[in-house]
Amino acid sequence: MALILCKECGKEISDSAANCPHCGAPVVKDVFCKKCGAKIPENVEFCPNCGDQSKSVAKALIPAKKDRMVAALLALFLGSLGIHYFYLGKSTAGILTIVISFCSCGIWGIVMFVQAILMLMMSDSDFEAKYVNTEKSFPLF
């Protein structure tokens, strides 16, 4: 956590706070304009420096959405190598899958095949909840 200055009262507050404890104003974080690089508040629509629409700046900071079908196909064809975990941004699970596949002489690939079938059958919202929006470091199932 870092300390930032409140935009309203100018006092130091935590960057993770939702509101300023001194004046109650909502905490507004700064982002950078992708066109000119100026530091601007995240809640403005246009960059005051160059006039570029800044809503695209906030969206650029959000990681790209992972596709369920791509992850399922990677698990189906390259599951024993853990490639689908690397695609989902779960490198610990990917490395663990490689080690388990190597130690089990490839038998672990059957488990990854079953996981691929489950990925193909689940809805997009279930996929997001289980594989993309998790705090776990390596959900294997």
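Residues numbered from 1 in each chain as written. Predicted model: local features only at pLDDT ≥ 70, side-chain atom pairs only at ≥ 80, totals over all residues. Heavy atoms only, no water.

**Student:** Give a detailed account of helix H6 (residues 124–132), specifying residues and quantitative values.
**Tutor:** Taken residue by residue, H6 has Phe127, Glu128 and Tyr131 as its buried positions. Seen along its axis, H6 keeps its buried residues to an arc of 105°; they face one direction. Structural note: H6 exposes Ser125 and Ala129 on the side pointing more than 90 degrees away from its buried face. Contacts made by the buried residues of H6 are with helix H2 (68–78) and helix H5 (108–121). (Buried < 20%, exposed > 50% of the residue type's maximum accessible area, 1.4 Å probe, protein only. Helix = DSSP H or I, 4+ residues; strand = E, 2+ residues; numbered from the N terminus. Arc of directions from axis to C-beta. Contact = heavy atoms within 4.5 Å.)

**Student:** Give me the pattern of salt bridges: which residues, what numbers.
**Tutor:** In this structure the tally under the stated criterion is one salt bridge. The partner of Arg68 in a salt bridge is Asp124, with the nearest N and O atoms 2.8 Å apart. Highlighted residues: Arg68 in helix H2 and Asp124 in helix H6, separated in sequence by 56 residues. Overall, Asp124 belongs to the partly exposed group, its relative accessible area being 46%. (Salt bridge = Lys/Arg side-chain N within 4 Å of Asp/Glu carboxyl O.)

**Student:** Break down the packing of aromatic side chains for me, citing the residues and quoting the values.
**Tutor:** If you walk through the whole model with that rule in mind, you get one aromatic pair. Between Phe127 and Tyr131, the aromatic rings sit 5.5 Å apart at their centres with planes inclined by 40°, giving tilted as the arrangement. Highlighted residues: Phe127 and Tyr131, both in helix H6, separated by four residues, approximately one helical turn. Pair check on accessibility: Phe127 and Tyr131 agree, each one buried. The ring of Tyr87 has Lys66 sitting right over it, with the charged end atom 5.1 Å from the ring centre. (Phe/Tyr/Trp six-rings, centres within 6.5 Å; stacked < 30°, edge-to-face > 60°. Lys NZ or Arg CZ within 6 Å of the ring centre and 35° of its normal.)

**Student:** Describe the confidence of the model for the protein chain, with residues and values.
**Tutor:** Residues with a pLDDT of 70 or more make up 83% of the protein chain, whose mean pLDDT is 79. Every residue in residues 56–62 scores below 50 in pLDDT, and together they form six contacts with partners more than four places removed in sequence or on other chains. (pLDDT = per-residue confidence, 0-100.)

**Student:** Explain the side chain of Gln115 to me, and be specific about the residues and the numbers.
**Tutor:** Among the structural elements, Gln115 can be located in helix H5. Looking at Gln115, its side chain comes within polar contact range of the side chain of His84, at 3.1 Å. (Polar contact = N/O pair within 3.5 Å; in protein donor to acceptor, adjacent residues only side chain to side chain.)

**Student:** Break down the nonpolar core for me, with residues and values.
**Tutor:** Listed in full, the nine residues of the largest apolar core are Ala71, Ala72, Ala75, Leu88, Ala116, Met119, Met122, Phe127 and Tyr131. Counting only elements with at least two residues in this core, the list comes to H2, H5 and H6. A total of three residues in this core trace back to one element, the largest contributor, which is H2. (Core = buried A, V, L, I, M, F, W, Y, C linked by side-chain atoms within 4.5 Å.)

**Student:** Help me get a handle on the packing of H2 against H5, residues and values and all.
**Tutor:** The N-to-C vectors of H2 and H5 enclose an angle of 160°; their axes lie 8 Å apart at closest approach. Relative to H5, the element H2 is oriented roughly antiparallel. The interaxial crossing formed by H2 with H5 has left-handed handedness. Where H2 abuts H5, its residues Arg68, Met69, Ala71, Ala72, Ala75 and Leu76 lie against Met112, Phe113, Ala116, Ile117, Met119 and Leu120. In terms of residue class, the contact of H2 with H5 is made up of eleven nonpolar, no polar and one charged. (Axes fitted to C-alpha atoms, helices over the stretch in contact; angles between N-to-C directions. Parallel < 35°, antiparallel > 145°, perpendicular 65-115°, else oblique. Left-handed = near helix turned anticlockwise from the far one by under 90°. Nonpolar A, V, L, I, M, F, W, Y, C, P; charged D, E, K, R; others polar.)

**Student:** Break down the environment of Met119 for me, with residues and values.
**Tutor:** Counting through the fold element by element, Met119 comes out in helix H5. Residues Met119 and Leu76 lie 43 residues apart in sequence; the distance between their C-alpha atoms is 9.6 Å. Discounting chain neighbours no more than four positions away, the residues touching Met119 are Arg68, Ala71, Ala72, Ala75, His84, Leu88, Phe127 and Tyr131.

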